[in-house]
Each structure stands twice: as structure tokens, then as C-alpha cells.
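Okay, here's what each chain looks like letter by letter:
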2 protein chains.
Amino acid sequence: MRRFRFEDPGFQAAFAAFVDERRETPEEVDAIVRDVIAAVRGEGLEALLRFAREFDKVELNEQSIRVSPEEIEAGAAACPADVHEAIAFAAERIRRYHERQRPADQRFTDDAGVELGWRWGPLDAVGIYVPGGRAAYPSTVLMNAVPAAAAGVGRIAMVTPPGKLQPAVLAAAKAAGVTEIWRVGGAQAVAALAYGAGPIRPVDKIVGPGNAFVTAAKRRVYGAVGIDALAGPSEIVVVADGANNPDWIAADLLSQAEHDPAAQSILITDDEAFAAKVEAAVEAQIATLSTGETAETSWRNHGAVVIAPLEQSPPLVDLIAPEHVEFAVAAPEELAERVRHAGAMFLGRHAPEAIGDYVAGSNHVLPTSRAARFSSGLSLYDFLKRTSFVKCDPASFAALAPATVALAEAEGLPAHARSAAIRMGQG
Amino acid sequence: MRRFRFEDPGFQAAFAAFVDERRETPEEVDAIVRDVIAAVRGEGLEALLRFAREFDKVELNEQSIRVSPEEIEAGAAACPADVHEAIAFAAERIRRYHERQRPADQRFTDDAGVELGWRWGPLDAVGIYVPGGRAAYPSTVLMNAVPAAAAGVGRIAMVTPPGKLQPAVLAAAKAAGVTEIWRVGGAQAVAALAYGAGPIRPVDKIVGPGNAFVTAAKRRVYGAVGIDALAGPSEIVVVADGANNPDWIAADLLSQAEHDPAAQSILITDDEAFAAKVEAAVEAQIATLSTGETAETSWRNHGAVVIAPLEQSPPLVDLIAPEHVEFAVAAPEELAERVRHAGAMFLGRHAPEAIGDYVAGSNHVLPTSRAARFSSGLSLYDFLKRTSFVKCDPASFAALAPATVALAEAEGLPAHARSAAIRMGQG
């Protein structure tokens, strides 16, 4: 954990350098991923079965690679009642939030008489990658599949590495409207979704988090299909005054730190004594967490405490462009409205980031590693696309033709010019 | 040029195979691009000057790598008056169209008393790649820079390979609100925009078309910055009945074909005699075009004529998911409304695609190579990003806390659970 004081000389440069530190060791996986994708494209199902045997130590066939409806029902039924209810509660809130994002079609006639506009429509088919083992989270399924279903995507294909399927994950898939589940993980799953393999038909876009192999594969298939943002280790900034309970703020910092040794938690406060109490609470809580080792590594290597006047926090937040920022202060909007770069903001002393991970309704798939400078969280927009249209009659066309001809000729494109001129009797 | 008849046995499979044909020879440029990016990251300006010397045979320095305001003024002043006027006309129409895309912020209180919403804001800085030489098009500058400026992007940095700058390109840059122009092209330009180099400060997103090196570089820097879609060779489908003038339709088909030997033009008509007339007109017009060689190659290798009932055209268009489709029929909406996958639609006999390239107002940066299945044309959205927010008071938090705890515990994330439970007095 690093300490910074806004008033210290050299603060800006030192803090900027800290923010710029890389938090992930880039793995050299690209050559492997290239070969895996080529194998799936060339051999289809056979390659998937071979990789399952080699990597996952599981023997599958054309039938068993798909999770059957009976397995989904049985798994979901094994989910404890309180978790089942929480999943239904979360799914409904996520659905209602994302429904509000539906953009309107437009059609208008401009002053030249040209009819213009665009209309939105859903993607046909989406693939959702869900990591396996302990990182198989029901919330991942909900946050990726519910917006796709709300957008009207007809086919939602989930892929997850072979292995025991968590009941909560199956319950979430059922609640979210997933239409098929396949036992395939890694780069081979991405390739199967992008190009099709055996019984897995290709999709139009692939979303969902994964390891370095999955991320490298998504980068490679981009273009053949759409992909979501490339997820990095997550981060949180907590802006808190001294009136907070230090235990609450410590828990918030640790709720990021426990995700990943490369996660980053930063406290910005104007109260040095309060900061010391939060630091002590972090240490005390780490000792009690089953995820304590991960949280401790993250906090030690990437954590920070910044002592600064709180009115300076918005530009500091912009420098970090964090995935999440909490404003645990009396008047959070005054600070929040000055922030330009953040994925999601949590306002007030009773808005811990974890509510956004599960049930607030907003999406927890958010830009990491400063990507909030240029991108947004997952939304209904990710599952819709826009088709523009232009309609002319002879009169409105006549208003556009001369400039079209002038520009086409300036660009040295005579067929472009002719397609306009010929309709003016000048072809 | 291939001919297909909807009524022929095997039509669906044969046409699907035609649509799936690759139209580009993938170039193995990735290793070169990796090294170029590493050089720019490691050496900054020195690498840019060396590449200019080696690749572009131009000697530049820290000053001359930037196009001065005086050069921009002088170049723009050298642009012919009719082109200047056409640029101003186009810029204003593009600006007005894209202004209509501005999404509204949202803030609402749900039935649990939770305040939720999101707000949109512009990116800080955008880089626009403009190819050099004869492919330096003023319309490229307008279509990429005008929406960025309309979105409120403060810094719009254009890069273009060293060489003579076309007056029309400089006039377009001035009209579109480009704030700086740099003489650097290729993968090194993409690297300079992504990571900064000498006087070129990094941007947040890179847009604009380029060759295989530029595209490979954009794929590599994605994540550090945003990028637009990866452009492939363009395509047009013209759906036309026999009442059209065959010369007009031939000109429209050629307006795509002249772009690129890999471009694709497809005519769908229900009138075989009309198709023959269009084919003859295509041959006759090719002979008169300065771009005839390119157009001829494109039409020979990738062109097609499909004889089909026009009511079958929407599913055929969806199979192609083309960048552009024209409906040159009496009632174009009846067909257009059944299309699901297309970048842009042109409705009526007086709406040649070329008006969309320049002055209709809609964007000409559109999904190619079937990417209309999952993506949209460039828009104001590409230069905006969304920050979500959640605000709770103790009562509304209490409505969310139990489900948060249940899901966090099910996912094995105890610090997440604690951050909610502790605020309920259960930590």
C-alpha cells in the first residue's frame, strides 16, 4: 500500500506514475491462441473434444458437450432458496434498468425534403463466456445475458469450461434467458462461437470475462464477430470524509482487493487520522477473509491512500479513470458531477460498490485499466445495432446532387459522380 | 461476375457460399506491426523520424512533423470554390444529422427508493487516421471528425502519411474542427496516437480507415485506446425492378466497384431482360472510367446478378448483411422494413448510394464484411461514453442488502458480503 499527500512536492508526478503502473504481467499466449483457433476452424468438433481431453481431462462427445435441459433444471433446482430468490430479484432489477436504455428510432424530413433516419434492431445470436471453477459466478451470467435478452436477442449461447456446474450458475442462466449451454472453455470456446464447430453454431458477438487465453482469442476473432471490451483487473476509488465508519470503508476497499491479486483499491480522504483507522481496519479484516491472501497481495502491491482536500478528488478520479468510484460523503453529487472518467459511481454512505455487482440494476461489466476514458459499461446498446436510411424524390435528390458530384470528382471517383449526374440528365 | 437464379435448385447453398468467399488476401503484417509499435513506444519521436526516412523517403524534425496552421490555411485556400462549398454543405448536413443522435442522460428513483441513472460525456481526445496519396479523401475527414466535434471532443488529432496534402483534405479538416495534423502514417501513426511520441500526445480513441498495417496496429493497441470497427472492402446490394433506367443502376454498382478490386456489387432483380441491360451498361461504363481497371477487377471477381422475386430480397440482403443496400423500386419501405442486417439503406429511384458517401448527412463509415450483423455505422455514440450511478439512503440500501449478501456468499466473496452486511449492523 502506498501513501500520497496532495500537499507534498512532486505529488502529481508520483501519483500519475503510480496510476500508470502496469498491474498485469502480459502473458505470451498469442501464438498458442492462434493455433487453437486454427485447429477449431479446421477440425471443428474434433478439435473441441481433443482440447477437452488434453486441457480439461474430460471425455466428451457430440451429445455430452451440450448441457441438457434436464441437467439445467436439476442444477437450478439444487440452488438454495435464498440464492434463488436473490437471483430472481437481481435479474428483474437488471432487466428493468436496461429496458430504460432502449433507444428510439428516428425518421425526419430535413429542409431539403430528404427523408432521413435510422432504426435499431437486436443481434440474432450472442455468445457468453463464463469462466469455470470457483470463478463461475451467477452474477456474470445475469449481467451479460439479461441485457441481451432485454434487447431481443433470440439466441444466447453460454460456454463454460467442462467441470461441475454450480447450481447458482445454472439458476442464473435459466433466469436470464440463456438458450443453450456448452461445455467448452478457453480460446477454443471463443473460436467455436466465432466460426461454429460441430453442433455449436456461430454467433454474432461474444461477451463475458475470461483469462489471458480467452482475451487473446477475442482480440483475434474481432471483426468476424463483435466482442465486448477486453477486461483487465478491476479497481475502486473510495472518496470518504472522516465522518465515515472506517470499518465500512475498509470492507469496500477489500471488496475489490479480494477479486484478484492485480486489483486496485485507492482511498482518497482529507482526514489523515481517519485514513490510519481505515488502514488498521483493512489489516484486521484481511485476517478474517477466506479470500485474505488475494486481498492482502492486491492491497500490498496496488493499494493506495491519498490525503487530499476532497474538492480535489474529481481530477484525481479522472486521472485514474476507475471502474468504480464511491463518494461516501454528505453531499456526493457535488463531487460526482465534476468527474469525467469513471465506469460507475456510488453515491452516499449507504452505497457500497457490491450492490452494483449484484442487484442495483446497473451493469457490473465496466471499463477497467483506464478504459473509462473512451468506453462505457455493458448495456442494451451492446446487443443492438443501427441501420441508417436515406430517401429522396427527384426534388430532394436535386438538392444533394451538385455537391455529391463536386466531391466525387475531387476525390477522383468518376463512377460516384456519374451515379448522381446521370440522374440529373448529365450522365 | 456471377449469375444466380432464385428458382434454380441449390440456389441457397450456392449463394451462401458466394457470400462467404473471402475477398481479401490476409497479409502477414502482424510481426512487422508489433516491432513498429515497440519502436515507437521505446524511442518516441526518433522512431517516427526514422520510419519517415525509411518508408516515406522524407526528412522530418520535431517541428516539421506537424502541419502548421499557416500550411493548413494556405492549403485550404487553394481548394477550388465549388469543392469548398460542397465541403461546407456536407459538413453542416453531417453535423445536423449526428446532433440528432445525442442521447439523453437518465435519473430515476425506483420502487425501492434507489436513485439510479447514467450520464453521457465526450471523450477528451480522438485521433483520426487519413490515408495518404490518392486515397486522401476529404469525405473521410468529414465523416470521422464532424461527429467527434459534435460530440464535444476537445482535441481531434489527424494523422496522415508524409507527402503532398490535398487542398480539399485541408479544407475538410478546417471545416470539421480538426485541431492538429501530423505527418505520420502506417502502424507508427497508430502507435504514436495510442502511446504518445515526441510532440504527439496520446489520444483516447483512434478512428479512420487504413491499409493492412494500420488495421493490424489498431487491433494491437485496442484496450490501451478505443478503436472503431476494422474496415474491410466495401459492398453494395442494389434491389431494382425492371422499371429502372439500366444506366443508373449500372453507375450505382460501379460506384462501389471503383473503390477497390475487393469491393463487391450485387444486383437483385426480378427482371432477367433488365439484368442483361444492366450488365451491358456496366461493361460500357467501365470502359469510360479513369478507375475502370479497379472497377473491372471488382465486378469480374466479386460482382453478382441475382434473379429473384423482389419479395425474397430482404432475406437475401440479410444473408449478405451488406454495408449498403439500395431499393430502387416504387415502394421501397415495404422491402426495407423487412431487412434486419444492413449498414445503410437508400430508398427510391433517386437515392444513389453516393449521396450517402458525401452529403446525405448520415455517416459513410459503415460495417463491412457482414459486420452489420453485430455493429453499426460511426455515430455520435462512438465519441461519447456513459458513467452509471447508484445512490442509496439507509432505507433503500436495506432493500438491496440481503440479496447482495446472499449472492456474494454464493460466489465465495466474503468482503463483498461484508461491505453490505456491515452497513446492516451485521458485519
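See the structure printed just above.
Residues numbered from 1 in each chain as written. Chains lettered and ligands numbered in written order. Predicted model: local features only at pLDDT ≥ 70, side-chain atom pairs only at ≥ 80, totals over all residues. Heavy atoms only, no water.

K.L.:
Help me out: how do you make sense of the interface of chain A and chain B in this one?
P.N.:
In many reports, interface size means the accessible area that the parts give up when they come together. Contacts between the two partners involve 127 residues from chain A, matched on the other side by 126 residues from chain B. For the pair chain A and chain B, the summed buried area comes to about 10,800 Å², and 54% of that belongs to carbon and sulfur atoms. Connecting chain A to chain B are 14 salt bridges. Between D252 of chain B and R423 of chain A there is a salt bridge, with the nearest N and O atoms lying 2.7 Å from each other. Remark: the boundary between chain A and chain B carries 75 residue pairs in polar contact (both at pLDDT 80 or more). At 10 residues, helix α16 (residues 394-410) of chain A tops the list of elements feeding residues into the side of chain A that touches chain B. (Contact = heavy atoms within 4.5 Å. Buried area = accessible area lost by both parts, 1.4 Å probe. Salt bridge = Lys/Arg side-chain N within 4 Å of Asp/Glu carboxyl O. Polar contact = N/O pair within 3.5 Å; in protein donor to acceptor, adjacent residues only side chain to side chain. Helix = DSSP H or I, 4+ residues; strand = E, 2+ residues; numbered from the N terminus.)

K.L.:
What is the right way to read the relation of the copies chain A and chain B from this model?
P.N.:
Note on the copies: chain A fits chain B at an RMSD of 0.0 Å, the axial shift is 0.0 Å, and the rotation between them is 180 degrees. Viewed as a symmetry operation, the transformation between the two copies matches a two-fold axis. By C-alpha distance to the rotation axis, the residue of chain A lying nearest is R219 of chain A, at 3.5 Å. Here 99% of the contact residues of chain A are again contact residues in chain B; the copies associate through an equivalent surface. (Least-squares fit on C-alpha atoms with pLDDT ≥ 70 in both.)

K.L.:
Hey, could you run me through the environment of A257 of chain A in this one?
P.N.:
All names here are of chain A. Position of A257 relative to the elements: it lies in helix α10 (residues 246-257). Its relative accessible area of 0% is what places A257 among the buried residues. Leave out the neighbours within four places in its chain, and A257 touches A263, S265, T294, A295 and S298. (Buried < 20%, exposed > 50% of the residue type's maximum accessible area, 1.4 Å probe, protein only.)

K.L.:
When you look at the sheet that holds strand β6 (residues 180-183) of chain A in this model, what are you seeing that I'm missing?
P.N.:
Within a sheet, neighbouring strands are paired by backbone hydrogen bonds and run either parallel or antiparallel to one another. Residue and element names in this part refer to chain A. Reading across the sheet, the five strands line up as β6-β5-β4-β7-β8 and stay open at both edges, with parallel pairing between neighbours. Each of the sheet's edge strands pairs with one partner strand only, and the pair in question is β6 and β8 (226-227). Examined bridge by bridge, strand β5 (residues 155-160) and β6 share four bridges and lie parallel to one another. Its bridge partner lying in β6, M158 is registered against I181. Contacting β4 (125-129), β5 and β7 (205-207), helix α6 (residues 138-151) runs over the sheet at an angle of about 165 degrees to β5. (Pairing = 2+ DSSP bridges. Axes fitted to C-alpha atoms, helices over the stretch in contact; angles between N-to-C directions.)

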